[in-house]
There are 2 protein chains.
Amino acid sequence: MTSIWKIALGTASAMALASSASASELRDYALEMFAALPSTIPALKDNPVTPQKIDLGKALFFDPRMSASGVFSCNSCHNLATGGDDNMPTSIGHGWQKGPRNSPTVLNAVFNEAQFWDGRAADLAEQAKGPVQAGVEMANTPANVVATLNSMPQYQEWFKASFPGEDDPVTFDNFAKAIEAYEATLITPAPFDAFLNGDDNALTDEQKEGLALFMDTGCASCHNGVNIGGTGYFPFGLIEKPGADVLPPDDRGRFAVTETADDSYVFRAAPLRNIDQTAPYFHSGKVWDLKVAVAIMGTSQLGTELNDDEVDKIVAFLGSLTGEMPQVTYPVLPTETLDTPRPTGEVVPN
Amino acid sequence: MTSIWKIALGTASAMALASSASASELRDYALEMFAALPSTIPALKDNPVTPQKIDLGKALFFDPRMSASGVFSCNSCHNLATGGDDNMPTSIGHGWQKGPRNSPTVLNAVFNEAQFWDGRAADLAEQAKGPVQAGVEMANTPANVVATLNSMPQYQEWFKASFPGEDDPVTFDNFAKAIEAYEATLITPAPFDAFLNGDDNALTDEQKEGLALFMDTGCASCHNGVNIGGTGYFPFGLIEKPGADVLPPDDRGRFAVTETADDSYVFRAAPLRNIDQTAPYFHSGKVWDLKVAVAIMGTSQLGTELNDDEVDKIVAFLGSLTGEMPQVTYPVLPTETLDTPRPTGEVVPN
C-alpha cells in the first residue's frame, strides 16, 4: 500500500531525513500529515463554552449519581488519573456486566471526527448520552438523570448559570452539552506538538526516526491529523485479518451503524495521543503490549513485517504523543435531598 | 439519663443561654464537651507525615488498580466529591456484592478513637488494609498490591521518597501508612469550629438553640470531642431498640470484635461532622432523613420523644458541622507496565 504521505512527497524518504538529523525538513513533511494541538479550547457546534458550563460539566463527569447504582461516573471508565481510560480490556459496569468494547480515552477526544469505535456519535454531547443509558454501563434513564439533577438545588443553579435564558435548563440535552464542554478542555500538549511547533529538541533521535518510519511505512495514512487518528474509517485487517482473539468475529464494527457490507469490521482509525498510557489495545482490548499492537498493525493493515528495531522506534515516537494533563481540581458535588432518586444496583433484564 | 454535660454544669440549662443569646457562655459550655479542629495536620503514631508521603497516599487513595478488578479505589466508597462517603445504604463492591455496613466518611476520620463502626481498627493505617482485602469490597491481596506497586517505576520512586532509608519501602504496611498520612489531611473546618474559636456569628440563632438542645437532651453524652462522636462505644438501643430494619438482628456490632456479651449491638458513637452530607444513616444505612435519624436517636438512646421543633433545631446545629473541603488536585497516576498484574473481575468463592 502506498501511503498518502508518499504520494504527497514523491520518492523522498523521511527516514533519510531523520537519519541526517535535518529536523526542520522532517517537520515540514510531518506538517503535511499532522497538526499540533491548538493552544485554546476548540469551539463546539451549537454549544458555546463558558467557564460556568465547564465547571458544571466537570461536576457531571465525576458524579457517580448519574448512574442508576451510584457506582459509576463518566470518570470510572474514562479516568483522568490513568490516561482518560480504565486499563481494562472492556469496562465493568452495572451489575458487574462487561462492556462490548475497550473504553477509549476521553483525552483530546474533542478532536475526533466522531465518537465511539464505530463513529456512531457525531460529537461528544451525543456520545455522553450513550453510556449513561447503556444497561451494561450506567443503566440510567434520561428521566431519572433529570430527576436526580432537579432534586439538588445546587445543580439547578449551575444549569441556570450555564444555559442562561432557558426556561427549563435542566435537561438531558444540556447535561450532555455541559459534559461535552468540560471534555473539550481535556487537551494534553505533548513533545510531538512542541516538535511540530518548531522545537527541534522536543523529540529524541530515536523518536524522530520513529516518526519518519511512521510516515514511510504508511501508518500515517490512517493515523493522521491533530489526533494522529480519530478520523476516517478503515477495515481492521485490510491486508490480513488478525486472529479472532484480537478481532472477535461477532463484532463487525461500523457495519452495525451503516448496515453496509463494505463496513464489515470497519472501525474509526484509533487516535494515538497518550497511547502508551492506555493499554490494553484495539476495540477488543486484547493486546497489552504496545509493541505487539504496532506489529499487528504492520501485518494486518500494511502487509509489512516490521522488525524489532522498527517497532521500537515507532513505539518511541508514539511515546512523544503522551502529553501533559491539565490540572484537575476534584469537584465538590451538590448534596442529595430527600427528593433525590435512590440508587439501585438492581439489574433489570432488557 | 443524665448527660455528662449536665453533671459537669449542674442545673444550668444551655437552652436558656441560647435563648438569651449569650453566645460566649454557650461557647464556654460547649467547650467543656467539644473541641475545634486543630489548624494543622495531627501527628500520627509511628508515621511521620511528609509532603512526599501525603502525595503518595493521595495517589494510592485514588488508584483503582489497588482493587483486584481495577474498578474500585478507596475513593469509590469514600468519595471526596460527596462528603467522603458513597451515599448508599451499603457499598457495592467486587462482583456487585453488597458490603455489610454503611460506608463511613473519611473526612476528619483521623480524629476518631478507632476506625470502622465497631472500632476494630486502631488507626487509619490499620483501617486501610481492610477494604483492600475484603472479598466483597476490593478483593485484593497484600502480595498482589505490592506486585502492582512494584511493577510501576514511578510508584517505586514515590515509596522511596516517602520512606527514606528503608531498603524495601514498597510494602503493604507502607501502602497503608501513606494512605493514613493522606487521610490525615482531609480535615474540614466548619462554622461550629469558628464558633468554638470565638466567632459569635458563625452559628445562626436556630443553630445555637440546636447546640444547646444537643447538650441539654444528652446527645453530647456520646457525640462529643473534636469529631462530635467517634469516641466511645455504646449500645444502639440503650433505652429502646429501634426496629429490625434500622438495627438488623444479625449484626451485633462490637460483639464480633470483643466477643463479650456486653458488647452486643454496641457501636462506636458516630462522628457527626458533615453528617448532613452523608445520608443514609446508621451502620445499616437504612434511614435517609436526618430528622428521622435524630428522632430515632432521641427515643432509642435517650428515651426522649423530641418534638418537631427540637428536631429541626438539632438538625440546624448539625448543619453547622459541615465544613469546607480541602482543595484536592486529582492525581495523575503512574502508568502500568507489562509486569503489572492484570485486573480481574472474577469472583473467587471463600
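Up top is the structure these notes are about.
Bear in mind that the values here come from a model prediction, so they are computed numbers and not experimental data.

**Digging into the interface of chain B and chain A**
- Listed per partner, the contact involves 37 residues of chain B and 37 residues of chain A.
- Across the chain B to chain A interface the summed buried area is about 3,200 Å²; carbon plus sulfur atoms make up 65%.
- Contact with chain A buries surface across chain B, with A81, W96 and Y330 of chain B losing the most and accounting together for 24% of the total.
- Between chain B and chain A we count zero salt bridges in total.
- Where chain B touches chain A, the interface holds 14 residue pairs in polar contact (both at pLDDT 80 or more).

**Topic: the packing of aromatic side chains**
- A full pass over the atoms with the stated rule returns 29 aromatic pairs over all chains.
- Look at F236 of chain A and F282 of chain A: their rings are 5.0 Å apart centre to centre, the planes differ by 40°, and that puts the pair in the tilted class. Taken together, the residues span a long stretch of sequence, with F236 of chain A in the loop between β3 (233–235) and α12 (255–258) and F282 of chain A in the loop between β4 (266–268) and α13 (290–302) at a distance of 46 residues.
- Taking the relative accessible area as the measure of exposure, F236 of chain A reaches 6% and is therefore buried.
- Taking the centre distance of 5.5 Å and the plane angle of 80° together, the rings of F61 of chain B and F62 of chain B count as edge-to-face.
- Taken together through their ring pairs, the aromatic side chains of F61, F62, Y182 and Y330 of chain A together with F61, F62, Y182 and Y330 of chain B make up a single cluster.
- The ring of F195 of chain A carries R27 of chain A above its face, with NZ or CZ at 4.8 Å from the centroid.

**Thoughts on helix α7 (residues 142–150) of chain A**
Residues and elements named next belong to chain A.
- All of the buried residues in α7 are V145, V146, T148 and L149. Buried residues along α7 cover an arc of 160° about the axis, so they all sit on one side.
- Where α7 is buried, its residues meet α4 (51–62), α6 (124–133), α8 (153–162) and α9 (172–183).

What counts, and at which threshold
Residues numbered from 1 in each chain as written. Chains lettered and ligands numbered in written order. Predicted model: local features only at pLDDT ≥ 70, side-chain atom pairs only at ≥ 80, totals over all residues. Heavy atoms only, no water. Contact = heavy atoms within 4.5 Å. Buried area = accessible area lost by both parts, 1.4 Å probe. Salt bridge = Lys/Arg side-chain N within 4 Å of Asp/Glu carboxyl O. Polar contact = N/O pair within 3.5 Å; in protein donor to acceptor, adjacent residues only side chain to side chain. Phe/Tyr/Trp six-rings, centres within 6.5 Å; stacked < 30°, edge-to-face > 60°. Helix = DSSP H or I, 4+ residues; strand = E, 2+ residues; numbered from the N terminus. Buried < 20%, exposed > 50% of the residue type's maximum accessible area, 1.4 Å probe, protein only. Lys NZ or Arg CZ within 6 Å of the ring centre and 35° of its normal. Arc of directions from axis to C-beta.

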